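Breakdown of the fold
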Amino acid sequence: MAFRLFNTLSGKIEEFRPLVDNQVRMYACGPTVYDYGHIGNFRTFIAVDILHRFLRQSGYNLRHVMNITDVDDKIIRNAAQAGVPLKQFTAKYEDAFLEDAGALNIEQAKLVHATDHIPEMAEFIANLAEKGFAYRTDDGSYYFRIAKFPEYGKLSKKDFAGMEDGARVDVDEYEKDSARDFALWKAPKPGETSWDSRIGRGRPGWHIECSVMSMEELGESFDLHAGGEDLIFPHHENEIAQSESATGKPFVRFWFHARFLLVEGEKMSKSLGNFYTLRDLVLKGHKPSSIRYLLSSVPYRHQLNFTFGGLQQAAASVERLRNFRLRLQTTNFPAGSNLSLMTLANETSARVREALSEDLNTAQAQAALFDMVRVANAAIDAGEMKQADTSPLLSTLDQFDEIFAVLNDDDIAKMQRIADWAKSEGREKDISPELHEALRSNALSDDQVNEKVEQMNAARTAKNFSTSDAIRAELTANGILIEQTKEGVRWRRK
Ligand code: AMP
Ligand code: ZN
């Protein structure tokens, strides 16, 4: 089945095909490590992760590279405020980012760091200057001359025909509607970190790192380049200008942009102060799997409004899927098979794939799976499920989870790590009663719970009701819910 994907460059949904054989080369703009990432950032990284996982599931050989921006205006400012050397400052937030990405089950790309590629960037800028695409100013900074690149604006679809030739900007992020010659290299300022290079002492601007590192890792033309919608202009427009001026070749085939996570209609962002980090939400007692599920529940090309109601619904959805899987795994069904359930499983697999093949329609994929769960649960209740039916249903769940990655119940261990982090940062008071409760309920391992459930059953069979009641009370106190079903006793965590 063809994979159709929206391409910001063409403004259309196109059939995705790699440039070379079965090999997909993808670059995603990574975090600027100057603080903890908020869940808006992670919405974008999860959208890229869904793309990554879908390409892998489709059988492509994927090479996925992501940069860590470890030098820029904000980093320099915050490191100075913290009174910490740049590297030490960025290492802390890079580690935090990777831990959070891990908690959200985001598959790791190959990481490349801006500060490890300063000589290559200087070389690249020198080359642009030789070709007349860049110029040096009196203070020793270098700027890209956008008047030399007539296609400037082709990604963002902006018309810069009347732009002022030679107007310059040296901040990394700038106004959406003005086209300016942008800084490739910034002359040193007192107190700022800088490097010696073949074009003099200074530090790179933000845009150059992505052109240089992506082409170094993936070649001059590659398949996919991803980021959040705010990167379309100026960041990605500038990357195209730098790269195509240097090589004379098309830089990237498909541009993939995830739309924003909003809070009450506004972009979730550091500067507006309306943000939650993953850690904030976990400290309130929310599970990483609920957060991942919520962030993937609206297709990436629609903005998603964050609400706590939505988060609770996501938690309930994950819980329903996990319970369904547990039910399939633990119930003793009668021998035989029921053709209609096997068909249901196969059709659902196809529907999930079709939904994702159409520009990664995650909402439709989730809806297809929930239809299956509803019908299959009803079949179990009606005694129609047979032994041989569980395996196709479980493999449909697995196929879904290769993309959505929420079924594995390892939330509590991740939440425990975040609680430990809060303690180590002297923020114990931020651990909510809900998180305390969730952690307490996990005091028993699965094996321990199973053992206690067996003891409880044995006591009951022996009509030793005071013992069975006591075991049940202990389990309840540990957050374990016991359910009597037609098939016997089942348990789950609260
Ligand atoms: P930064 O660390 O600021 O460079 O951002 C990392 C990624 O998060 C970039 O791809 C941004 O486009 C993206 N991003 C920032 N804010 C949001 C938001 N509210 N919703 C979705 N993505 C965002
Ligand atoms: Zn970038």
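Throughout what follows, the structure given in this document is the object of discussion. Note that this is a predicted model, so its numbers are computed, not measured. (Residues numbered from 1 in each chain as written. Chains lettered and ligands numbered in written order. Predicted model: local features only at pLDDT ≥ 70, side-chain atom pairs only at ≥ 80, totals over all residues. Heavy atoms only, no water.)

Focus on unusual backbone geometry
- Looking along the chain, the bond that leaves Phe233 and enters Pro234 is cis, with omega of 0°.
- Turning to its location among the elements, Pro234 is positioned in helix 6 (residues 232-247).
- Positive phi, normally seen in glycine, also occurs at Asn105, with a value near 55°.
- Along the chain, Asn105 turns up in the loop between helix 3 (86-103) and strand 5 (110-113). (Helix = DSSP H or I, 4+ residues; strand = E, 2+ residues; numbered from the N terminus.)

Comments concerning the sheet that holds strand 14 (residues 266-267)
- Taken in spatial order, the three strands line up as 14-13-15 in an open sheet, and their pairing is mixed. Of all strands in the sheet, those bounded by a partner on one side alone are strand 14 and strand 15 (304-305).
- Two strands pair when backbone bridges link them, and strand 13 (residues 261-263) and strand 15 are joined in this way by two bridges, in the parallel orientation. Residue pairing for strand 15: Leu262 is matched across the bridge by Asn305. (Pairing = 2+ DSSP bridges.)

So, the coordination of the zinc ion (ligand 2)
- Protein-derived ligands of the zinc ion (ligand 2) are Cys29 (SG), Cys210 (SG) and His235 (NE2), with the metal-ligand distances lying across 2.0 to 2.2 Å.
- Residue Cys29 is classed as buried on the basis of its relative accessible area of 6%.
- For His235, a relative accessible area of 1% gives the class buried. (Donors = N, O, S within 2.8 Å, 3.2 Å for Na, K, Ca; no water. Buried < 20%, exposed > 50% of the residue type's maximum accessible area, 1.4 Å probe, protein only.)

Things to note about the site of ligand 1
- With respect to spatial proximity, 17 residues lie near ligand 1, and among them Gly40, Thr44, Asp230, Leu261 and Met268 are the closest.
- Between ligand 1 and Thr32, the relevant distance is 3.0 Å, taken from an oxygen atom to a main-chain nitrogen or oxygen of the residue.
- With respect to ligand 1, the backbone of Met268 contributes an N or O atom lying 2.8 Å from a nitrogen atom.
- The protein chains hide 92% of the 490 Å² of surface that ligand 1 would expose on its own.
- Where the shell around ligand 1 is concerned, the elements lending two or more residues are helix 1 (39-57) and strand 11 (222-228).
- In terms of residue class, the shell around ligand 1 is built from six nonpolar, eight polar and three charged. (Near = heavy atom within 4 Å. Polar contact = N/O pair within 3.5 Å; in protein donor to acceptor, adjacent residues only side chain to side chain. Areas by Shrake-Rupley, 256 points an atom, 1.4 Å probe, with all protein chains shown as cover. Nonpolar A, V, L, I, M, F, W, Y, C, P; charged D, E, K, R; others polar.)

Description of the packing of helix 4 (residues 118-130) against helix 5 (residues 206-218)
- Look at helix 4 against helix 5: their axes get within 10 Å of each other, and the N-to-C directions meet at 100°. Relative to helix 5, the element helix 4 lies roughly perpendicular. Between helix 4, through Glu120, Met121, Phe124 and Ile125, and helix 5, the contact on the second element is made entirely by Ile208, Glu209, Val212, Met215 and Glu216.
- Among the residues forming the contact of helix 4 with helix 5, the class breakdown is six nonpolar, no polar and three charged. (Axes fitted to C-alpha atoms, helices over the stretch in contact; angles between N-to-C directions. Parallel < 35°, antiparallel > 145°, perpendicular 65-115°, else oblique. Contact = heavy atoms within 4.5 Å.)

Some points on the pattern of salt bridges
- Under the definition given, this model contains 35 salt bridges.
- Residue Asp100 pairs with Arg279 through a salt bridge whose shortest N-O separation is 3.0 Å. Note that Asp100 is positioned in helix 3 and Arg279 in helix 7 (residues 278-283), a separation of 179 residues in sequence. The same class applies to Asp100 and to Arg279, which are both buried.
- In this structure, Arg351 engages Asp371 in a salt bridge whose closest nitrogen and oxygen atoms are separated by 3.2 Å. On the criterion of sequence distance, the pair formed by Arg351 in helix 10 (residues 339-357) and Asp371 in helix 11 (residues 362-381) is long-range, its members being 20 residues apart. (Salt bridge = Lys/Arg side-chain N within 4 Å of Asp/Glu carboxyl O.)

A closer look at the environment of Ile380
- Within the fold, Ile380 resides in helix 11.
- When the C-alpha atoms of Ile380 and Trp421 are compared, they prove to be 43 Å apart, with 41 residues separating the residues in sequence.
- Excluding its chain neighbours within four sequence positions, the residues that come into contact with Ile380 are Phe324, Arg327, Leu328, Phe333, Met385 and Glu487.

Purely geometric stuff here, so don't read any function into it on its own.
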